[in-house]
Amino acid sequence: MDYRSHFRARIDGLKEEGRYRVFAELARQAGRFPRATRYRPDGSTHEVIVWCSNDYLGMGQNPVVLEAMRRAIDEVGAGAGGTRNISGTNHYHVLLERELADLHDKEAGLLFTSGYNANEAALSTLCRLMPGVIVFSDALNHASMIEGILHSKQEKRIFRHNDVAHLRELLEAEDGDAPKIIAFESVYSMEGDIAPLAEILDLAEEFGALTYLDEVHAVGLYGQNGAGIAEREGLMDRVDIINGTLGKAFGVGGGYVTGPEVMLDAIRSFAPGFIFSTSLSPVVAAGALASVRHVRAHNELRVRHQERAQRLKTLFRDSGIPVMPSESHIVPVMVGDPRCVKEGSDALLEDYGIYVQPINFPTVPKGTERMRFTPSPLHTDEMLRDLAAALNDLWSKLHLERAA
Ligand SMILES: *Cc1c(COP(=O)(O)O)cnc(C)c1O
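Residues numbered from 1 in each chain as written. Predicted model: local features only at pLDDT ≥ 70, side-chain atom pairs only at ≥ 80, totals over all residues. Heavy atoms only, no water.

Visitor: Please explain the side chain of Thr37 as it appears in this structure.
Guide: Inspection of the secondary structure puts Thr37 in strand 2 (residues 35-39). The buried category is assigned to Thr37, whose relative accessible area is 19%. A distance of 2.6 Å separates a polar atom in the side chain of Thr37 from a polar atom in the side chain of Gln29. When sequence neighbours within four positions are dropped, the list of residues in contact with Thr37 reads Glu25, Leu26, Ala27, Gln29, Thr45 and His46. (Helix = DSSP H or I, 4+ residues; strand = E, 2+ residues; numbered from the N terminus. Buried < 20%, exposed > 50% of the residue type's maximum accessible area, 1.4 Å probe, protein only. Polar contact = N/O pair within 3.5 Å; in protein donor to acceptor, adjacent residues only side chain to side chain. Contact = heavy atoms within 4.5 Å.)

What follows is the structure in structure tokens.
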């Protein structure tokens, strides 16, 4: 077999479909977020405004976080030095796990090197340890949950996105005594919509199911302490396991689950992805700890964040840009074609210094390609107006469809 041409052909297939991914090479500028320097393929540079960062609050450059990381690197050095079991449990890991458990009002917390790893390891392990379990999974769940469920090799049922009636139907069709887990997200990051949390929890109680909630796009951003949508709705105590990331609103990196001590002990003890991997750098853990504490105490960041998102949605609507019906801080704009979305975002980057990554399959279904804007508290009125004007131009130039 000619291995190289085999893989070349697979890549060429992506290019023909218009969904070959090209990464923008950026240098973020600490203290100047959302500004960044972009490196063109020819090595020349220009300044851009970043409009698609998941560092939702700019915590990745917050002086409190940077100072905590500097202090930690001087105290404990760079890396963890091992897995959690073999010399890799640093004091900062323990402090951070306690802080996260407290944030979500749970018995315990468990850290991972990413939110992806946390979902994959937690779901695959919990399910594997319950032979005969049936997993009920929202159709738009993140790849990390889907992989975790697949790796458990247990039965799964997929309910239509946020469709409580369909979830009920699927639950009713199964043996009442079978163990069950409902796995879902609170804020769906590509639509910006929010799960009907109370109704799903009611069903879980009625049918005796465990609940596993991914709050990755909500931690730091919703609720009085930034614990997420479950906190905002006063429902934290009814969710069994909450997953979050330290890499998005908390601006650093790493992921976690919080929940009942015994379940986290089982994940800690049985998940290969946790056991056999060097733990998070203690410097990262120290930065995340400072970030969580800061974000908890500063609700005004959340207020300003929501205000910016609302304002951008209004500006877009005023010029007929087709904003999707998002109820959250995420501002997705439908384009509906992989080539148009790529051409549009390339033009924004080169001609307007606006960086928004095109979102295409498999992140979203084919035919729903979109641009996804994430305004932060640090995006100014002027930046918002410039963005709306640029999109207005672009929609005319590319003859894209406008909202009624
Ligand atoms: C980004 C994301 C994750 C993974 O978190 P990382 O810390 O980036 O690995 C998990 N779930 C959802 C819904 C996400 O969007």
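Visitor: Teacher, can you tell me more about the pairing of strand 5 (residues 134-138) here?
Guide: Looking along a regular strand, one sees the side chains alternate between the two faces of the sheet. In terms of residue burial, strand 5 counts as a mostly covered element, since five of its five residues are buried. The side-chain alternation of strand 5 yields two buried faces, one formed by Ile134, Phe136 and Asp138 and the other by Val135 and Ser137. Inspection of the sheet shows strand 5 paired to strand 6 (residues 155-159) by five bridges, in the parallel sense. Along strand 6, the bridge assignment pairs Ser137 with Ile158. Sheet analysis places strand 5 next to strand 7 (residues 180-185), joined by four bridges and oriented parallel. Each residue of the ladder has a partner; that of Val135, found in strand 7, is Ile181. (Pairing = 2+ DSSP bridges.)

Visitor: How should the sheet that holds strand 14 (residues 370-373) be read in this particular structure?
Guide: Hydrogen bonds along the backbone pair up the strands of a sheet, which may run parallel or antiparallel. Strands sit in the order 11-14-13 across an open sheet of three strands; the sheet is antiparallel. Bordering the open sheet on either side are strand 11 (331-334) and strand 13 (358-359), each of which pairs with just one other strand. Packing against the sheet, helix 12 (residues 299-318) makes contact with strand 11 and strand 14, and its axis sits at approximately 25° to strand 11. (Axes fitted to C-alpha atoms, helices over the stretch in contact; angles between N-to-C directions.)

Visitor: What exactly am I supposed to notice about the packing of aromatic side chains here?
Guide: Ring pairs (aromatic) are described by centroid distance and by the angle formed between their planes. On inspection of all chains with the given rule, the structure shows two aromatic pairs. Seen from their ring centres, Phe316 and Phe373 are 5.3 Å apart, and the 70° between their planes marks the pair as edge-to-face. Of this pair, Phe316 sits in helix 12 while Phe373 sits in strand 14, and the two are 57 residues apart along the sequence. Take Phe316: its relative accessible area is 0%, and that puts it in the buried class. Take Phe373: its relative accessible area is 0%, and that puts it in the buried class. A cation over a ring is seen here: Lys15 above Tyr20, with NZ or CZ 4.5 Å from the ring centre. (Phe/Tyr/Trp six-rings, centres within 6.5 Å; stacked < 30°, edge-to-face > 60°. Lys NZ or Arg CZ within 6 Å of the ring centre and 35° of its normal.)

Visitor: Hey, could you run me through the nonpolar core in this one?
Guide: Nonpolar side chains in soluble globular proteins generally cluster together in the buried interior. Grouped together as the largest cluster of nonpolar side chains are 56 residues, with contacts concentrated most on Leu96, Ile182, Phe184 and Leu246. Taken together, the elements giving at least two residues each to this core come down to helix 2 (63-76), helix 3 (91-103), strand 5, helix 6 (164-172), strand 7, helix 7 (197-207), helix 8 (229-232) and helix 11 (282-297). With sequence-adjacent residues up to four places away left out, Ile182 is seen in contact with Phe136, Phe159, Leu167, Leu171, Ile200, Ala204, Ala209, Leu210, Thr211 and Tyr212. Core analysis: the second largest hydrophobic core is formed by 33 residues, Ala309, Phe316, Val356 and Leu400 among them. (Core = buried A, V, L, I, M, F, W, Y, C linked by side-chain atoms within 4.5 Å.)

Visitor: Please clarify how the site of the ligand should be interpreted in this entry.
Guide: For the ligand, the set of nearby residues contains 13 residues, the closest of which are Gly115, Asp214, His217, Thr245 and Lys248. In the model, an oxygen atom of the ligand is placed 2.5 Å from a nitrogen or oxygen of the His217 side chain. The side chain of Lys248 places a nitrogen or oxygen atom 2.9 Å from an oxygen atom of the ligand. For the ligand, whose unbound accessible area comes to 380 Å², protein coverage reaches 84%. (Near = heavy atom within 4 Å. Areas by Shrake-Rupley, 256 points an atom, 1.4 Å probe, with all protein chains shown as cover.)

Visitor: So what exactly am I meant to see when it comes to the environment of Pro63 here?
Guide: Here Pro63 shows up in helix 2. According to the relative accessible area criterion, Pro63 is exposed, its value standing at 60%. Sequence separation between Pro63 and Asn162 is 99 residues, and the spatial gap between their C-alpha atoms is 39 Å.

Don't take any of this as a statement about function, it's just geometry.
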